Every structure is written in C-alpha cells, then in structure tokens.
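Letter by letter, the chains look like this.
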Amino acid sequence: MKDHLRSQWFLMERLLRMDRFLAMALLLALTFSVNGIGWGRVEDWNRSSMALRNLGRRGMPWDYLKPPLHIFVTHIVVKAPIDSIEHAVSLVLRKRQNFDAARLVAARLLVVGLYLGTIVLAFEMGRVFYGIFAARVIAFVFATSAGFSAYNHFLSNDSPLLFWMMLAFYFAARITGDGQRIDYVMAGLLTGAATNAKYNGLAVGISLVAAHLLSARPKTWMEKLFGRDMIIGLFMVPAGIVLTNPYILFDWNRFVSDFMYGYAVTPRYGGQAAGGTSYWPFLLIIPDVLGLPGALLIAVGVIVSLVMVALRRRFAAPESLGFALALSMFALYYAKIGSFPRLETRFVLPAVPFLILMAGPFLKAAEKHWRWLAVACAPILIYNCLCSYYVGRRFNDDPRMPAQVWMEANVKAGSRIESSAGSPHWRKLPGLDAAEVQVGKLPGKEIPPGKVVDLRMPHPNGRAVLFERVFKGNRWVEGQAAAHEGSYDEQLFSLKELLARNPDFVAIDSSDYQEPSETAKSYYHNLMQEKFPYRVVYDRQSPPVPQWIYPRVIDDLQDRTILLVRK
C-alpha cells in the first residue's frame, strides 16, 4: 500500500499536465467564474468583502473580527503593483488616474485562480485514493456547481478559504502513505494559514491527526499518540497562524478582544436565542451549493461508500483511507458549525468539498459501469452548467451598475448626493470627482470647492442595541457592540434633517429600507412615494429568479436601487 501511494504522489505533476478532462473542468470553472467579473465596476458590493480593504499603520489590519490573510495576499499580488502603476501613470500624465476597475477585476481573478487550484488539489487526491475516473468526476462536480461559482465573484474570504483548507488537507493526505516529516510540517503550517484565511478553517487540522492515526508508519499506540512527527506538526499550527499574521504578537489584546467578540455574536447575529442548533438546516443548505440533483448524487455516493468501506473491512486500502480522512474533516466541521443557532450558506461551504471526496469509493466502484454513470450524470452536469451560467448573468443584471452610469452622466460638479449606506460609493467612479462625508459624524478634511459631496447615511441595522440586550453579561460583547456595529441618531432620518442637508440627489438601496428601524423605513418610504420634495428618476430592481435555478439566494445580489432629484 505504501509503494502504491508513493508512486501515485510521484506521478502527480506528469498526470496533471496531460489529463484533458481536468483541463476541460478547469476551463468550465474559469468560464463560469469570469462571467459577471465586472460586477460593481469599481468596488465589491459584498458586505463581507475583505480583499481590497486598506491596511493601517505599518501594514497592520484595522481589526481582527475576520482574519486578514486574504487581505495580505491580495495586497502583495494585486493592490500594491496596481497602486504603483496608477501612481506612475498619474505622474507621467500629470493627472490623477483611477485604476479601481483594474484592481477589482485583478482581485477577482486571484480568487478564481485560487479556486482553480482547489479543483486541481481535489482532482489529485481523488486520483490517488480512488483512481483517475473518480478524480475526473470529482473535478467536474467542483467545476460546474453553481454554489461555488457564486462565491468566486466575491472578494470575501469564503472561496479562498477552500484553497487553503484543501492545500492543508493535501499534505495531511500524503501522511497516510509514506509521509515524511516535511508533510507534517506543511500540513500544520497550512492549517495555520487556513485559520488566518477564515477562523473556521482551523477545523482542517483534524485531518493531520487523522492521517497520522491512519498511517502505517507508527507501529504502536504509543507512537500513534505521542509520535514526534505529529507533535511537530501540531506545533506548526500556531506557527502558521503567526507566520501568516505576525501582527497578532504585537496587537494581542485587540486580537483576543475582536476574536472573542466575533466568536460570541456570529452564531446569533440576528438575535437568535441561545441553545438552538442547525444540524438539519446544515444538510438542507448543501443543495444551494451543489444543486438538488448533484446533492442527491453525492448523498447516494457517500452512503454507498460508507457501506462499502464498512463491509469490505479493507481499512488500509487507499479508498478507505481517503474516505476516512475526508469523513474526519466533515464530521468535525458539521458537529461544530451545526451547533450554531444561525446558519448561512457561506458557513456550510467549506464542508462541501470534503463531502464530495467522501463519495470516492462509490465512484471507483462505478468505474466498471461508467457508461451508466455517465448517462445519470450528464443531465446533472448540464443542469449545473445552466445554473452556473445564470449566476454570472444575475451579477451582470444588478441594477446598481446602470445606476452608476446614470450618476456619471447627470451629476454635475459641486452637487450634493445623499446616499443610503448600501448605495454604491460614487467617489470611486472615474467620471465623478467626489468626496464622502459620513452623516452624523464629525467632519474630516475640508472639501475643496467644485467637488461632488456624497453624504453617506448610517446603516440602520439596530444591531448595537440588539446585541447589548441579547448578550447582556457577556464581557466580550457588552459595551463593545456600538464600536463594532456602529451607532447612529434616528433623528437623521427625518424631513427636517433632510432639508438641512439639502442634497441635490438622493440614492436609496433596498438593503437599507428593509432594516428593522421603523423610523428609517418610514423615511425611505416617504422618499420613494415622493412625499418629500424629491422625485424619482431611476427605479430598477434585479430580475426575478426562475424557480428552477439554484442557488435561489446569493448574498448581497438581489437588489433594488432608487435615485431621486430635488423637485
């Protein structure tokens, strides 16, 4: 078995170069991911966007509510080089240039590149443990599932997390064969990197322990439990965390405070009662990633694989090792995240790749009857491709895109815009020379005459008040909710204050008038009904989603945008 796995890992590079099915899967994934890549034109409208966030003093993150690895990677690979080019061109032309569109597309291409790497790693582990046929099916499932494609359009940490977890899992998988100390070291370091990609990435560390226990190298239980290589690998996890974010050593108190705040509020972000769980909803979300037909295929594959491994009792066989290793990761992740009272698709996303890998023994057994499997899978893959294409179309149809064009064409120098918090940031548009002012906060620098002024209204989510009540007595949340969630004066949402601000234009995004604040709801409703001295000149919303499409809901996408001008 050792010789078999060693030879399989040795052939990786050669087979990856020549397998045309993998190349086809990667081409499909790339095609679906770049369709809609210009969403936002100059900014990412996902509320969890991280990649292009600015860094603070000496390159330090502003906070640690979400880990900063993807910010660092994007800064090095995308932002810093394009910033330098933008600065150089501005000097040569003696006019400030705006390369925000290039930054946005390049940052999204980086996310897509990481996802293609995830598919390659999944293919390779499928090939080693289950054979080339299973690896090809796994690659096509990854490449065509619309749930993965949707997250490739965001600059959040979610899609990059899959790459770092799969890379850590890859080196853990090597341990089950003739694993060397370097495999333990790399598995540990990359588990630390996955943690700094997103904190739930720490769960992949279980694969290092499981691989060590499954490996044939430790002969006795004492060696299995206290083996030097495994201890070194586990020590590499905190080392990987520090190496990929060394600032936590110098900013320890803030890191702990931010981490514990996020740990407390994330499972109950909507004010959910303590003690609830989401184990069943966790499973029901999986079809949002794979589609219902694809999820049923994988579910059948996992159940049959479990029965096969249990009945054959060939626990040292490659397919049994691959199944057990993927199962260890999925089971731990499911047990922890399923315990949350609140669950989102992005919470479930990191578990799905390992569920796909668990179907490997079934796919290997089905290779003898590959024609029947191909007949069954073809409609599923076609359906997935249609849904993946539709994902990009939905991004392209966002009503905020033509709203940006309208503003560039109609807003004149010196105008004042009042924008609800979810509206596009007009200052980023190359056709507007604009500056932002946060309404309700102390003014910053004086704005030069002739600039467009964008008055940004607060987001009326009410979470600061909600958290102070729901988490009363929690020392990590109480007294800190306003600082993290923002506070605002509801009187800002009134006709009197609107007339005092006297904007020429008003921009309203549906995410702001759907929040629980009754005062804000009434304010935006009166504006849209033209009860205030403003008239609607632009009102568009995202087209309805066909019933047969998945995922039905994509974060921060289904939108309505309203623009008004003073009467």
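Just so it is clear, the model here is predicted, and its values are computed rather than measured.

Some remarks on the overall build of the protein chain
- Across its full length, the protein chain carries 26 helices and six strands.
- Against the compact-globule benchmark of 24 Å for 567 residues, the protein chain has a radius of gyration of 26 Å, which places it among compact chains.
- The dimensions of the protein chain, computed from C-alpha atoms along their principal axes, are 80 × 55 × 50 Å.
- The buried share of the protein chain, taken over its 567 residues, is 53%.
- Of all intrachain contacts in the protein chain linking residues separated by at least 6 positions in sequence, the fraction that spans at least 24 positions is 79%.
- Within the structure as shown, the protein chain displays about 25500 Å² of accessible surface, and the carbon and sulfur contribution to it stands at 63%.
- Taken together, the 62 basic and 45 acidic charged side chains of the protein chain have centroids lying 5 Å from each other.

Overview of the pairing of strand β3 (residues 452–456)
- The element β3 is largely enclosed, with a buried count of five among its five residues.
- Burial along β3 is two-sided: the residues V452, D454 and R456 and V453 and L455 are all buried.
- Here four bridges tie strand β1 (residues 416–419) to β3, and the two strands are oriented parallel to one another. Of the residues in β3, the one forming a bridge with E418 is L455.
- As defined by bridge partners, strand β2 (residues 434–438) adjoins β3 across five bridges and the pair is classed as parallel. Considered in β3, the bridge of A435 is made with V453.

Things to note about a nonpolar patch on the surface
- A contiguous nonpolar surface patch, about 800 Å² in accessible area, is contributed by L213, W221, M222, L225, F226, I231 and F235.
- Mapped onto the nonpolar patch, the elements with two or more residues apiece are α11 (221–226) and α12 (228–244).
- In terms of residues, the nonpolar patch owes the most to one element, α11, which gives four residues.
- Along the chain, the position of F226 falls in helix α11.

A closer look at the nonpolar core
- One finds I119, F142, F148, W164, F169, L290 and I356 to be the most contacted residues of the largest nonpolar core, which totals 112 residues.
- When residues of this core are assigned to their parent elements, the largest contribution, 15 residues, is made by helix α5 (residues 100–130).
- Those residues in contact with W164, other than ones at most four positions away along the chain, are L69, V73, L190, A193, A194 and A197.
- Counting residues in hydrophobic clusters, the runner-up holds 19 residues, among them L492, F532, I562 and L564.

What about the pattern of salt bridges?
- Taken as a whole and assessed by the stated rule, the structure comprises 27 salt bridges.
- When the shortest N-O distance is used, the salt bridge between R41 and E408 registers 3.3 Å. Highlighted residues: R41 in the loop between α3 (20–34) and α4 (69–93) and E408 in helix α21 (residues 400–410), separated in sequence by 367 residues.
- On the basis of relative accessible area, E408 is assigned to the partly exposed category, the value being 21%.
- Of the charged contacts, one joins R254 and D251 as a salt bridge, the two residues approaching to 2.5 Å between their closest N and O atoms.

Side note on the state of the cysteines
- In total, this model carries zero disulfides according to the counting rule given.
- Of all cysteine sulfurs, the one in C387 lies closest to C385, which takes part in no disulfide; the gap is 9.5 Å.
- C387 gets classed as buried once you look at its relative accessible area, which sits at 0%.

Brief notes about α5
- In a regular helix each residue adds 1.5 Å, so 31 residues correspond to 45 Å; α5 covers 45 Å between its end C-alpha atoms and thus fits that length.
- Among the 31 residues that make up α5, 24 are buried, leaving the element largely enclosed by the rest of the structure.
- Just downstream of α5, G131 is the residue with a positive phi angle, here 105°.

Examining the packing of helix α15 (residues 292–312) against helix α16 (residues 318–337)
- For the pair α15 and α16, the least separation of the axes is 10 Å and the interaxial angle reads 125°. By the criterion of interaxial angle, the relationship of α15 to α16 is oblique. Taken as a pair, α15 and α16 cross one another with a handedness that is left-handed. Here V302, S305, L306, V309 and R312 of α15 come into contact with α16, specifically with E319, S320 and F323.

A few points about the sheet that holds strand β6 (residues 560–566)
- Strand order in the open sheet made by the six strands is β2-β3-β1-β4-β6-β5, with mixed pairing throughout. Of all the strands in the sheet, the pair left with one neighbour each is β2 and β5 (534–541). In this sheet, neighbouring strand axes are inclined to one another by 20° on average, regardless of whether the strands run parallel or antiparallel.
- α21 rests against β1, β4 (505–509), β5 and β6 of the sheet, and its axis sits at about 20° to β6.
- Against the sheet, helix α26 (residues 518–528) contacts β1, β4, β5 and β6, and its axis sits at roughly 120° relative to β4.

Some words on the environment of A203
- With respect to the helices and strands, the residue A203 is situated in the loop between α9 (181–197) and α10 (205–214).
- When the C-alpha positions of A203 and G179 are compared, they lie 21 Å apart, and in sequence the two are 24 residues distant.
- What A203 contacts, discounting residues up to four positions off in sequence, is M329, L332 and Y333.

What about the side chain of S419?
- Structurally, S419 can be placed in strand β1.
- Contacts of S419, omitting those with residues within four sequence positions, involve W426, D454, L455, R456, M457 and A507.

Observations concerning the packing of α10 against α12
- Two numbers describe how α10 lies on α12: the axes approach to 10 Å, and their chain directions differ by 175°. Considering their axes alone, α10 and α12 lie roughly antiparallel with respect to each other. Contacts from L208, V209 and H212 in α10 reach M230, G233 and L234 in α12.
- Residues belonging to the contact of α10 with α12 are distributed by class as follows: four nonpolar, two polar and no charged.

What about the environment of L167?
- Within the element layout of this structure, L167 appears in helix α8 (residues 158–175).
- You can call L167 buried: its relative accessible area is 17%.
- As for L167 and I549, which are separated by 382 residues in sequence, their C-alpha atoms are 31 Å apart.
- Among all residues touching L167, those that are not within four sequence positions of it are L121 and L190.

Calculation criteria
Residues numbered from 1 in each chain as written. Predicted model: local features only at pLDDT ≥ 70, side-chain atom pairs only at ≥ 80, totals over all residues. Heavy atoms only, no water. Helix = DSSP H or I, 4+ residues; strand = E, 2+ residues; numbered from the N terminus. Rg over C-alpha atoms; globule rule 2.2 N^0.38 Å. Buried < 20%, exposed > 50% of the residue type's maximum accessible area, 1.4 Å probe, protein only. Contact = heavy atoms within 4.5 Å. Areas by Shrake-Rupley, 256 points an atom, 1.4 Å probe, with all protein chains shown as cover. Lys, Arg positive; Asp, Glu negative; His and termini not counted. Charge placed at Lys NZ, Arg CZ, Asp CG, Glu CD. Pairing = 2+ DSSP bridges. Patch = residues over 30% accessible without salt bridge, like charges linked within 9 Å, V, L, I, M, F, W, Y side chains within 5 Å. Salt bridge = Lys/Arg side-chain N within 4 Å of Asp/Glu carboxyl O. Core = buried A, V, L, I, M, F, W, Y, C linked by side-chain atoms within 4.5 Å. Disulfide = S-S within 2.5 Å. Expected span 1.5 Å × (residues − 1). Axes fitted to C-alpha atoms, helices over the stretch in contact; angles between N-to-C directions. Parallel < 35°, antiparallel > 145°, perpendicular 65-115°, else oblique. Left-handed = near helix turned anticlockwise from the far one by under 90°. Nonpolar A, V, L, I, M, F, W, Y, C, P; charged D, E, K, R; others polar.

What is shown is where atoms sit, not what they do.
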